[in-house]
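Survey of secondary and tertiary structure
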Amino acid sequence: MFRFLMSRQWVILTLVAVALVPTMIELGFWQLHRHEHRVALNKVIADSLAAKPVPAESLTAPGAEVTDADRFRRVTATGRFDTAREVVVRRRTNVDEKVGFHVLTPFVLDDGKVLLVNRGWIPADGAQTEFPAIPAPPKGEITVTGRLMPDETTADSGIKDVQGLPDRQVMLISSEQSERRLGDPVLGGYIELTAPEPRGGSPEPIPAPEHDAIGPHMAYAVQWWLFCAGVPVGWIVLVRRELKERRAATTEETVPAEPATV
């Protein structure tokens, strides 16, 4: 009665079902791992933002790489802004998804090293080829506080590092590239400025990272596993339906026809 399972149609259906089960299990675990990564990242961000600020040079140095554990750590530094060597980072959006620039200003420390400071977002009001008007930062020696960030890369950000840009414009924030451009030792990574606040609210400060939402990854994991459980159930339902239809057809063939009445 089960010989129909050896037919081409049923062999293909069974192979597809067998292939779907491990695939859906793997997709479920993939979403579970993404959920766990997000939860862990949220904790790192929350702990970093809650920690007391420390000197920037205690966490980074020229040529150093900012680790994931130190990402978003609040750091301080004392020095002065060097606006003469300021650049803007192209194609950046603010909280309202408007396209503009991030203002990247070298901050020269007392020991001569440079800390890159992302002072925030400004709109792209003029031509993209022109250097925009940027509100000036405080003059003289000051102390700044900001969130420590690693250098941006194309692999992590998806932003292509376009060459041949207009003067004083860059695509990525890179301490290595900045060191070659400035000719001074530059601390690895950069900071998103949080204090002092800009006069008049411009440049627009970069908001703190979201660290409460966990995303839909756990729901997606459960969904994939439910789909996985439904595959064998669906296969059994189809087999039973096929058996029922074949038995009904066999019964009709074996029932003798009633004699005709005169």
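In what follows, the structure referred to is the one given above.
Worth saying up front: this structure is predicted, and the values here are computed from it rather than measured.

Criteria and cut-off values
Residues numbered from 1 in each chain as written. Predicted model: local features only at pLDDT ≥ 70, side-chain atom pairs only at ≥ 80, totals over all residues. Heavy atoms only, no water. Salt bridge = Lys/Arg side-chain N within 4 Å of Asp/Glu carboxyl O. Helix = DSSP H or I, 4+ residues; strand = E, 2+ residues; numbered from the N terminus. Buried < 20%, exposed > 50% of the residue type's maximum accessible area, 1.4 Å probe, protein only. Pairing = 2+ DSSP bridges. Core = buried A, V, L, I, M, F, W, Y, C linked by side-chain atoms within 4.5 Å. Contact = heavy atoms within 4.5 Å. Phe/Tyr/Trp six-rings, centres within 6.5 Å; stacked < 30°, edge-to-face > 60°. Lys NZ or Arg CZ within 6 Å of the ring centre and 35° of its normal.

We now examine the pattern of salt bridges. Under the criterion given, the structure shown has 10 salt bridges. Its salt-bridge partner being Asp184, residue Arg85 comes within 3.0 Å of it at the nearest N-O pair. Highlighted residues: Arg85 in the loop between strand E2 (74–81) and strand E3 (87–93) and Asp184 in the loop between helix H3 (175–182) and strand E8 (190–195), separated in sequence by 99 residues. You can call Asp184 partly exposed: its relative accessible area is 25%. Of the charged contacts, one joins Arg147 and Glu192 as a salt bridge, the two residues approaching to 3.1 Å between their closest N and O atoms. Placement of Arg147 in strand E6 (residues 142–149) and of Glu192 in strand E8 is noted, with a sequence separation of 45 residues between them. Accessibility assignment for this pair places Arg147 and Glu192 in one class, buried.

Right, let's get into the pairing of E6. Buried residues dominate E6, accounting for seven of its eight residues. Alignment of E2 against E6, held across six bridges, turns out to be antiparallel. Paired with Ala77 across the strands is Val144, a residue of E6. Inspection of the sheet shows E6 paired to E8 by five bridges, in the antiparallel sense. Residue pairing in the sheet places Gly146 in a bridge with Leu193 of E8.

We now examine the environment of Leu226. Within the secondary structure layout, Leu226 lies in helix H4 (residues 217–254). Given a relative accessible area of 59%, Leu226 falls into the exposed group. Between the C-alpha atom of Leu226 and that of Thr23, which follows or precedes it by 203 residues, the distance is 13 Å.

Counting residues in hydrophobic clusters, the biggest one holds 16 residues, and the most contacted among them are Phe107, Leu115, Val117, Val144 and Ile191. Of all the secondary structure elements, the ones that give two or more residues to this core are E2, strand E4 (99–109), strand E5 (114–123), E6 and E8. Other than its neighbours up to four places away in sequence, Val144 contacts Val75, Thr76, Ala77, Phe81, Phe107, Ile191, Leu193, Ala195 and Pro196. Membership of the second largest hydrophobic core comes to 14 residues, among which are Ile45, Phe72, Val87 and Leu104.

Attention now moves to the packing of aromatic side chains. The full count for this structure, using the stated rule, is five aromatic pairs. Ring plane angle 70° and centroid distance 5.4 Å describe the contact between Phe4 and Trp10, whose orientation is recorded as edge-to-face. The exposure classification of Phe4 matches that of Trp10, with both residues buried. Taken together, a centroid distance of 6.0 Å and an interplanar angle of 85° make the contact between Trp224 and Phe227 edge-to-face. One end of the pair, Trp224, and the other, Phe227, are both in helix H4, three residues apart, so they sit about a helical turn from each other. You can call Trp224 partly exposed: its relative accessible area is 26%. Ring pairing ties together the aromatic residues Phe4, Trp10 and Trp235, which thus form one cluster. When the ring centre of Phe131 is taken as reference, the NZ or CZ atom of Arg168 above it lies at 4.0 Å.

This next bit is on unusual backbone geometry. The omega angle of the peptide bond from Ala195 to Pro196 is 0°, so this bond is cis rather than trans. Position of Pro196 relative to the elements: it lies in the loop between E8 and H4. Geometrically, the link from Ser202 to Pro203 is a cis peptide bond, its omega value of 0° lying close to zero. Assignment of secondary structure puts Pro203 in the loop between E8 and H4.

Quick look at the environment of Ser202 now. Tracing the backbone shows Ser202 in the loop between E8 and H4. The class for Ser202 is partly exposed, based on a relative accessible area of 27%. In sequence terms Ser202 and Lys52 are 150 residues apart; their C-alpha atoms lie 26 Å from each other.

Our next topic: the pairing of E8. It is a general feature of regular strands that their side chains alternate between the two faces of the sheet. Bridge count between E5 and E8: two bridges; the pairing is parallel. Bridge assignment links Asn118 to a residue of E8, and that residue is Glu192.

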